Amino acid sequence: MGVNFVIPPKFDEKKICIGEMCKICKGEECCARCGCCYSPEDFHVFTYPCSREDRVKYLKAFLKRGYTSIELKWMLDRQDAAFDTMHYYSDIRKMKVVKEKLLRGDGILYLRTRNIGKGIVDVVHPDAIRDTGCRLQGPNGCKLTYRKRPKGGRMVVPKIHILDTCTCLYSEFQAAMDWFPYQDILFEVYEYFYKLEISD
C-alpha cells in the first residue's frame, strides 16, 4: 500500500498531534469545517488479506452506523469528474458516478466522517458549501476516542498560538490517492447507498 508522506523517525503522533490548543480552539480550524478523511489503513479488512466480498460487506455495515460518508475527490483537470454527463438530471443531487471514469482517475471515491446535514452518499455539492462541520464534533471535541478516529483526525497538528493555523498531515488528496486502488470496491458500496438514498 502506497504511503504519500514520510513519517520522520521516532514520530509519536499522539504526542505531536494532540495538544491543549485543541481544547481552546474547539475544532474551529478542522472539525467545525468538515469531517476528516479515512485511510484504507484505518480498516482491518484492508490491512489484512481479505476477500473483495468481505471488504464490501464490512464497508456497507460500517457506513450504516451513520457517521461516515462516501465522498468524491474531483481531479482539477477533469471538468465533469467521474459523473455521468450523458443524461440530464432534474435534481443535481441525483447525478451518478460512472465506474469507468473512476477507474481512469477522472474522480476518486474515498471515505470521510459525515458532515452535519449530509447523507451517506455525499458526492455532489449543489450549493458549493461544504463547511457544515463534522457530525461527530461535540462540546468536548471528537466523540470518537483517539484510536478510533480516522487517520485525517489523528494526524492534525494543533496550532501553537491562537493566531496560527492547524496543520493536517493527511490531506483529502492523499486520502483519495490511497483509496484509488480500491475504486471498484467503493463503487459497489456507493451504488448500494445511492439506490437507497435516491429511492427515499
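Because the structure is predicted, anything quoted here is derived from the model rather than measured. (Residues numbered from 1 in each chain as written. Predicted model: local features only at pLDDT ≥ 70, side-chain atom pairs only at ≥ 80, totals over all residues. Heavy atoms only, no water.)

K.L.:
Looking at this structure, how should I read the state of the cysteines?
P.N.:
Chemically, a disulfide is nothing more than a covalent bond linking the sulfur atoms of two cysteines. As enumerated under the stated definition, the model contains 0 disulfides in all. The thiol sulfur of Cys34 is not disulfide-bonded, and the nearest other cysteine sulfur, from Cys37, lies at 7.3 Å. (Disulfide = S-S within 2.5 Å.)

K.L.:
Sorry if this is basic, but what is going on with the nonpolar core here?
P.N.:
Looking at soluble globular proteins, one finds that nonpolar side chains tend to be buried together. With 35 residues, the main nonpolar core has Phe43, Leu111 and Trp179 as its most contacted residues. Elements supplying a minimum of two residues to this core: helix H3 (44–47), helix H4 (52–63), strand E1 (68–74), strand E2 (107–113), helix H7 (172–179) and helix H8 (183–199). (Core = buried A, V, L, I, M, F, W, Y, C linked by side-chain atoms within 4.5 Å. Buried < 20%, exposed > 50% of the residue type's maximum accessible area, 1.4 Å probe, protein only. Helix = DSSP H or I, 4+ residues; strand = E, 2+ residues; numbered from the N terminus.)

K.L.:
Looking at this structure, how should I read the packing of aromatic side chains?
P.N.:
We describe a pair of aromatic rings using the distance from one ring centre to the other and the angle between the two ring planes. By the definition in use, this model includes 14 aromatic pairs. On the numbers, 5.8 Å between centres and 75° between planes, the contact of Phe62 with Tyr67 is edge-to-face. Like Phe62, the residue Tyr67 is buried in the burial classification. An aromatic cluster is defined as three or more aromatic residues linked by ring pairs; in this entry it consists of Tyr38, Phe43, Phe46, Tyr58, Phe62, Tyr67, Trp179 and Tyr182. Residue placement shows Lys60 over the ring face of Tyr192; its charged tip is 4.4 Å from the ring centre. (Phe/Tyr/Trp six-rings, centres within 6.5 Å; stacked < 30°, edge-to-face > 60°. Lys NZ or Arg CZ within 6 Å of the ring centre and 35° of its normal.)

K.L.:
Where do I start with the environment of Leu109 in this structure?
P.N.:
Considering the arrangement of structural elements, one finds Leu109 in strand E2. Sequence-wise, Leu109 and Tyr190 are 81 residues apart; in three dimensions their C-alpha atoms are separated by 8.5 Å.

K.L.:
Help me understand the confidence of the model for the chain in this model?
P.N.:
The predicted coordinates should not be examined in detail at positions where pLDDT is low. On average, the chain scores 76 in pLDDT, and the residues at 70 or more come to 62%. Highest mean pLDDT in the chain belongs to H4 (96); lowest belongs to helix H1 (residues 13–17) (55). Scored below 50 in pLDDT, residues 1–9 shows 13 contacts in the model against residues more than four places distant or in partner chains. Scored below 50 in pLDDT, residues 84–88 makes 5 contacts in the model with residues more than four places away or belonging to other chains. (pLDDT = per-residue confidence, 0-100. Contact = heavy atoms within 4.5 Å.)

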